[in-house]
Structure formats: structure tokens, C-alpha cells
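A structural walkthrough
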There are 2 protein chains.
Amino acid sequence: MTKKITIKDIAERAGVSVATVSRALSGKPGVSDQLRKEIQIKAEELGYLKNSAAISLKTSKSKTIGVIVSDIRNPFFLDFLTGVDNVLFSRGYKFLLSNSDENVEKEKVYLNWMVEHGVEGILASPVSEKDGKSSVNLYRKFYKLGIPIVLYDRTFPKETQFSSVTIDNKDSIIQALIYLKNKGHENIGIFLSKSGIYTIEERLKGFIEGCKLLNLPFKEEWIGRDLYPEEMTYNKLKELLDKKNLPTAIIATNNKITKLLVSASRKLNINIPKDLSIMGYDDLPENEIISPPITCIKQPVFEIGRIASTMLLGKINDNFSEPTKVILKAEIIERKSIQDLNKKVSHFIKT
Amino acid sequence: MTKKITIKDIAERAGVSVATVSRALSGKPGVSDQLRKEIQIKAEELGYLKNSAAISLKTSKSKTIGVIVSDIRNPFFLDFLTGVDNVLFSRGYKFLLSNSDENVEKEKVYLNWMVEHGVEGILASPVSEKDGKSSVNLYRKFYKLGIPIVLYDRTFPKETQFSSVTIDNKDSIIQALIYLKNKGHENIGIFLSKSGIYTIEERLKGFIEGCKLLNLPFKEEWIGRDLYPEEMTYNKLKELLDKKNLPTAIIATNNKITKLLVSASRKLNINIPKDLSIMGYDDLPENEIISPPITCIKQPVFEIGRIASTMLLGKINDNFSEPTKVILKAEIIERKSIQDLNKKVSHFIKT
């Protein structure tokens, strides 16, 4: 049954007024350095609850890093944060988490707040809106102030000064196109979420490049752009179906679009993979038990978290100031949402 | 192109040594109160980056609350945190998030750390281990220190002093049993995750009470206890199958067990719902597209987040000190993972 120790108790013990204790402990003027020190010692003896202010002033090490996620509803961050937590906890670090919610203004508020609260470094997945609006100036400012920053998942491609951990987004889509072409698909579409986001724009570039490279027909109608909010995925798929213009396969560009494509197909009586093959993005546990099990592009999400936080601690503790750009490979996990059109053909030949 | 303002710049402007500026700004002794004030003013004029210490000392309001989640890999927290973020951001509050990882020691480290970092209040889902070990003493201490706390999802049932937002866990399972009985099921099992956790123990109690109440046969073998790690769900189901002792329906007690039950059934060639009906727990978006779509017990997760954070802000800003216990109802979302055994019977009668 610990009694709460108040500044009144400290005042009694030290034989001074409550106001003096308050001034002494809060670093305010009006009390001599000698007395301040004495009061601090009494407070410690009594087990007065330390507060963050006192601690950070004393050590100037908050042992805290700030993490900005762009949309806390995205299960991507569950594995990412597990990777981060894994590295930080073992090194005695904690993290503050904030959700920018794909909103540049919110991102700025949180970034400023984190720095004002004395984080030792920042892990961020920056927002960029359709019109090119972003918080890049704020990141630049922090960089110049010497605040360690590692960008993860997303980066500012033209800003070479920032360290980052991303995947090879373009290559992930090119790999998917090669996989689909090998399975006999020529008519391939891609469904994208919000325009402007770094990863989404890169994946679109990969699609355009890949189609050229592999000599695949490229039709603007097969590109679902800006599929946000949710019903847009259904609407786009319905439009293709109504116009009898369905490609044989569609590549999703995140886990949300993957699920929306599957449920929209179900509602529209489109059989996966017979009528339409789907290449998912992100390997969530449910991909195994969705009907049909989803073939997908798997990002090494846990590893992104581990590497980004290890890099950040390196910057904080060993002054690694050179920008490092880590680019990880995605891989394809094969399940049953993609039809092998070659087999269909050979079947016809045989009979 | 903002230049980073260092203490050197402040020293130059104030005409004193760097060491003096450092002492003055960090609240250390060795500098007069008058000079300290002058240096602080110069620092502010130059736009020296404020740190958290300075800010919290000045305002004593950190406008920050601490959130402890028990396992960041659980998608439950995605909706919960969206609800929290929703309330806090609009009221100018931010949150620190920490993951106790179902580990009492880790929970203590984080709780202490949050309080030391000056959070104005705490939202926590406390850990309790199999042997009854928990951080309840630390919560009691914080309560006595007057730190506003709201427990969510889990609570300490014997500690009436804490405010909490939970669902009626027992009732959720009784509802599920009634639903299953109405569909003609008599032989019903339940698969539980880690023992000791508040919600899991309550759900087990609901199962035992419900079986009595509804006059259902109760077999210890149909209870899967402590299904952790993952392969335990598969092993338990296989054991029941091998012994030809499968119940007609199994109730899962969280979203992880739900998914594991579906994938284990698939591996064991158990058809859902023909050979086995499954009542899932938690309504995740993928429940719609899993094969078969999962009938489940839906917790109002987003609402838990909204209500818990609103209550906490009430405690912080309006000094609501009376403990409030909010208990929300779960509901059943009907899909296709439960067979109607009555229909099967009537079919036989007709022919």
C-alpha cells in the first residue's frame, strides 16, 4: 500500500515551502542551485515519482523512437511493428506510435509532436497525396537538424539524403507478370488503391514497364485507378464485366484490394480462377483459407521492421550518418487463384 | 533551408560559454537564475528546437495517453486503435503505444515507462498468466497515485476501483450455444487459446454455464485448452478425429483460433459445415471470403476503442473519479459455417 509521495511531503522533509520544492524540481528560477540539489536528493530518497521532463533533462536520452504508420487499419503494420518491437525491446528502447491516416496535415502534427517530445529517432512511412502534396519539407528540416530518420515501405525517390527500407516494388509486379505469362495469360489488368502513394505509383510503373518488356497488350481500361472507397473495386469490376471486357487476370496492389477483388467477384458470380485469375498482394494468414487460396506477392514485412529499426539504432548510437537504401525482394507464393491456361489448351489438343 | 540552431549559436548570441548555455537549458546548477532566464529567451528567439522536457515542465500537460496492447499481431487492435485515434485526434490528444506481448514483465516495464514519460492517462488490456501472475499491484499503485486508467477488453474482476470497457464474454458464448442448439446441434466443443487470460476464462465459464442451462452434453474432451502455439489447434482437432469423437460444432474463442480451425479442418479433410460446424469469434473482413464464409460472434471493437478513450478523457479533464464499468453486447453474424441439422432431419422425413 504505497502512499502517493507529493511535493508537500518533500517540502516537510526538506523544511522548505511547497512553492520552493515545485520551483526546484521543475527547473524554474527562484531557488539557489545548492538548495535545488538538496531538494532533488530528498525527493529521490522519498521515492517521488520521476516524470519524463526530469528524466530527459538529466540524461538527454529518452530511449524512445517515434513510429509513424500511414493507416493503422492496414494489417501490413502488425507484422512490421512486431519486427520493430522485437529489435527495440531487446535494446532497451520503446516506441511511440502515431497514425497519419494518409493525411499530410496529420503527419506533420505527429512528426512535430514526436520531435518536441524528445524521440531519439523516427521511423516513418510518409504520405504523399494525389496532387504531390507531402511532408517532405518537414523531413528535410529534421534531417538538417540531425534527427535520425529511417523511411520504411515508402520513400521520397528524389531525396538521396534519407535512409530507407523498401521492397523493389516495380520488380514485384514484373515478377507477377512473368508468372502470369508463363501460365498462359496475355490479357492482364491491375487494380490500384489511392493514387499518389509511393508504393502504388511504383507498382503501376512496374506494370507499364513489364507489359512492354514481355510484349503484353496494354489497355487503359484494365487499369483500376484510385479504387477508394471500398465500393470502387466492385464498380470497376462490374464495369469490365458489363462491357464483356474482363482481362483473364488482375493483379491487386495491396491486401485490401485483394480481399475486395475476391468479394466483388463472388457478388458478380465471377468464378476465380476459371473466369478470372487473381494475383494478390501481401501474404496474410487468411490467404490460405480464402476460397480459392490466394496466390500472392509476399513482402518480407517482419524483416522490413527489423532492418529499419536496426538501421535507426545504428544512426542513433553509432552515428552512422551515410544514407543507406535497403531494397528487399518480394516473392511469389503459389496457391490456387491463378488458372494455368496452357493446361487448358493442351487438353484441347489431346482430345 | 533552415540551419540547425545549436547551443553554440545561443552561446555566441548571449555572449557566454557553450557549457553555460548547456547548464542553463538543462536545468543543471552552476548558473544564476537571472542568466538562465536570459539564455532561455535568446534560445527561443533563435528558434532553438524545444524538447519534450522543456514543454512538459512548462505546461505540465503532455496531451498524451499511453495505450498498452497485449499482442500487436492480433488484428483486434486495428479496429480498436482506429476508434481510439478517432476520439483522441479530434480532442488534440496523441497516444504512445506499447505491446506487452502477453508478458507480465514487459507490461510492467512499459507501464512504468509511460508514467515516467508523463502520460496523462492509460488505456490498458492487462495480461494475466496461467498461474495467476499479473501486474495488478502496479495498476493499484497507479490508481492510488491518481493516474487515470481505463481497462479495455480485459479487466481484473475483483478490483472494483478500475473503470473498464469490456464485452459480456460469458453471454457471447451462451448466445452462440443457443444459436447452435436452435440449428439442431447438441454435441458442441470449444477451442480456447492461452489459459489465464481474462476474456478466455470468461468465455469458458459461459460455455460451462450455457451447457447446463440448455441441457447440452458436456465432455471435457471437446474442450481444447491452451491451444498455443499454432500447431496445437491442428493436433487437438486431429486427436478428436482419430478417436472418432468429433462434436458436430466447435466454438472458436478468438480470430486466430477461428482461422486455425478452418485451416486444420482443410488439412484433415473435414468438410465445413457438413462434417463440422464452426462458430468463429471476431468479425474480420476476410470472414466473408473464407470458404465457407464464417458465422461468428462479433465484438463491437471500434466502439470499445471509442468508449474507452472517451471515458479516459473524461477522467483526465473532468475528474470523473467514480469507476464506470461499461459492458457491451456481442452479436452473431450469420454466414455459412454452421449446418442446420433440423433441415437434414426434415429431409429424411419427407422422403
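What this report covers is the structure whose coordinates are included nearby.

Cut-offs used in this document
Residues numbered from 1 in each chain as written. Chains lettered and ligands numbered in written order. Predicted model: local features only at pLDDT ≥ 70, side-chain atom pairs only at ≥ 80, totals over all residues. Heavy atoms only, no water. Helix = DSSP H or I, 4+ residues; strand = E, 2+ residues; numbered from the N terminus. Rg over C-alpha atoms; globule rule 2.2 N^0.38 Å. Buried < 20%, exposed > 50% of the residue type's maximum accessible area, 1.4 Å probe, protein only. Contact = heavy atoms within 4.5 Å. Pairing = 2+ DSSP bridges. Axes fitted to C-alpha atoms, helices over the stretch in contact; angles between N-to-C directions. Parallel < 35°, antiparallel > 145°, perpendicular 65-115°, else oblique. Left-handed = near helix turned anticlockwise from the far one by under 90°. Right-handed = clockwise from strand over helix to strand, strands pointing away. Phe/Tyr/Trp six-rings, centres within 6.5 Å; stacked < 30°, edge-to-face > 60°. Lys NZ or Arg CZ within 6 Å of the ring centre and 35° of its normal.

The secondary structure content of chain A amounts to 13 helices and 12 strands. Computed over C-alpha atoms, the radius of gyration of chain A comes to 27 Å, more than 25% over the 20 Å expected from 2.2 N^0.38 for 351 residues, which places it beyond the range of a compact globule. Its C-alpha atoms give chain A principal-axis dimensions of roughly 100 × 45 × 35 Å. When burial is assessed residue by residue, chain A has 55% of its 351 residues classed as buried. Counting only contacts in chain A whose residues sit at least 6 apart along the sequence, the fraction spanning at least 24 positions is 73%.

As a further point, take the sheet that holds strand E9 (residues 277–281) of chain B. All names here are of chain B. Taken in spatial order, the 6 strands make up an open sheet running E7-E6-E8-E9-E10-E12, and their pairing is mixed. Of all strands in the sheet, those bounded by a partner on one side alone are strand E7 (223–224) and strand E12 (331–333). Of the strand pairs in this sheet, strand E10 (residues 296–298) and E12 are connected by 3 bridges, and their pairing is antiparallel. Counted as the bridge partner of Cys-296 is Ile-333 from E12. Sitting on the sheet, helix H9 (residues 198–213) touches strand E6 (188–191), E7, strand E8 (249–252) and E9, and the angle it makes with E6 is about 170°. With respect to the sheet, helix H10 (residues 231–242) is in contact with E6, E7 and E8, its orientation differing from that of E6 by roughly 160°.

All names here are of chain A. Two numbers describe how helix H5 (residues 76–90) lies on helix H12 (residues 301–318): the axes approach to 7 Å, and their chain directions differ by 40°. Accordingly, the angle class assigned to the pair H5 and H12 is oblique. When the axes of H5 and H12 are compared, the crossing they make is right-handed. Of the residues in H12, those touching H5 at Phe-76, Asp-79, Phe-80, Thr-82, Gly-83, Val-84, Asn-86, Val-87 and Leu-88 are Val-301, Phe-302, Ile-304, Gly-305, Arg-306, Ser-309, Thr-310 and Leu-313.

All names here are of chain B. Direction vectors running N to C along helix H8 (residues 169–182) and H9 enclose 40°, while the axes themselves pass 7 Å from each other. Regarding the angle of H8 to H9, the classification is oblique. H9 is crossed by H8, and the crossing has right-handed handedness. Along its contact with H8, which presents Asn-169, Lys-170, Ile-173, Ile-174 and Leu-177, the element H9 presents Tyr-198, Thr-199, Glu-202, Arg-203, Lys-205, Gly-206, Phe-207, Glu-209, Gly-210, Cys-211 and Leu-213.

Right, let's talk about the pairing of strand E3 (residues 121–124) of chain A for a bit. All names here are of chain A. Side chains Gly-121 and Leu-123 project from E3 onto one buried face, and the interleaved Ile-122 and Ala-124 project onto a second face that is buried too. When E3 meets strand E4 (residues 149–152), the two strands line up parallel, connected through 3 bridges. Counted as the bridge partner of Ala-124 is Leu-151 from E4. What joins E3 to E4 is helix H7 (residues 136–144), and the crossover it makes is right-handed.

Take the packing of aromatic side chains next. We describe a pair of aromatic rings using the distance from one ring centre to the other and the angle between the two ring planes. As enumerated under the stated definition, the model contains 24 aromatic pairs over all chains in all. Aromatic pair Phe-76 of chain A and Phe-80 of chain A: ring centres 6.4 Å apart, planes at 15°, arrangement stacked. Of this pair, Phe-76 of chain A and Phe-80 of chain A are both found in helix H5, 4 residues apart, which corresponds to roughly one turn of the helix. Here Phe-76 of chain A matches Phe-80 of chain A in class, with each residue buried. Plain terms: the ring middles of Tyr-143 of chain B and Phe-162 of chain B are 5.8 Å apart, the flat faces sit at 80° to each other, and that makes the pair edge-to-face. Here Phe-162 of chain B lies in the loop between strand E4 (149–152) and strand E5 (163–167) and Tyr-143 of chain B lies in helix H7 (residues 136–144), a separation of 19 residues in the sequence. Take Phe-162 of chain B: its relative accessible area is 1%, and that puts it in the buried class. Three or more aromatic residues joined by ring pairs make a cluster, and in this case those are Phe-76, Phe-77, Phe-80 and Tyr-152 of chain A. Here the basic side chain of Lys-194 of chain A rests over the ring of Tyr-228 of chain A, its NZ or CZ set 4.5 Å away from the ring centre.

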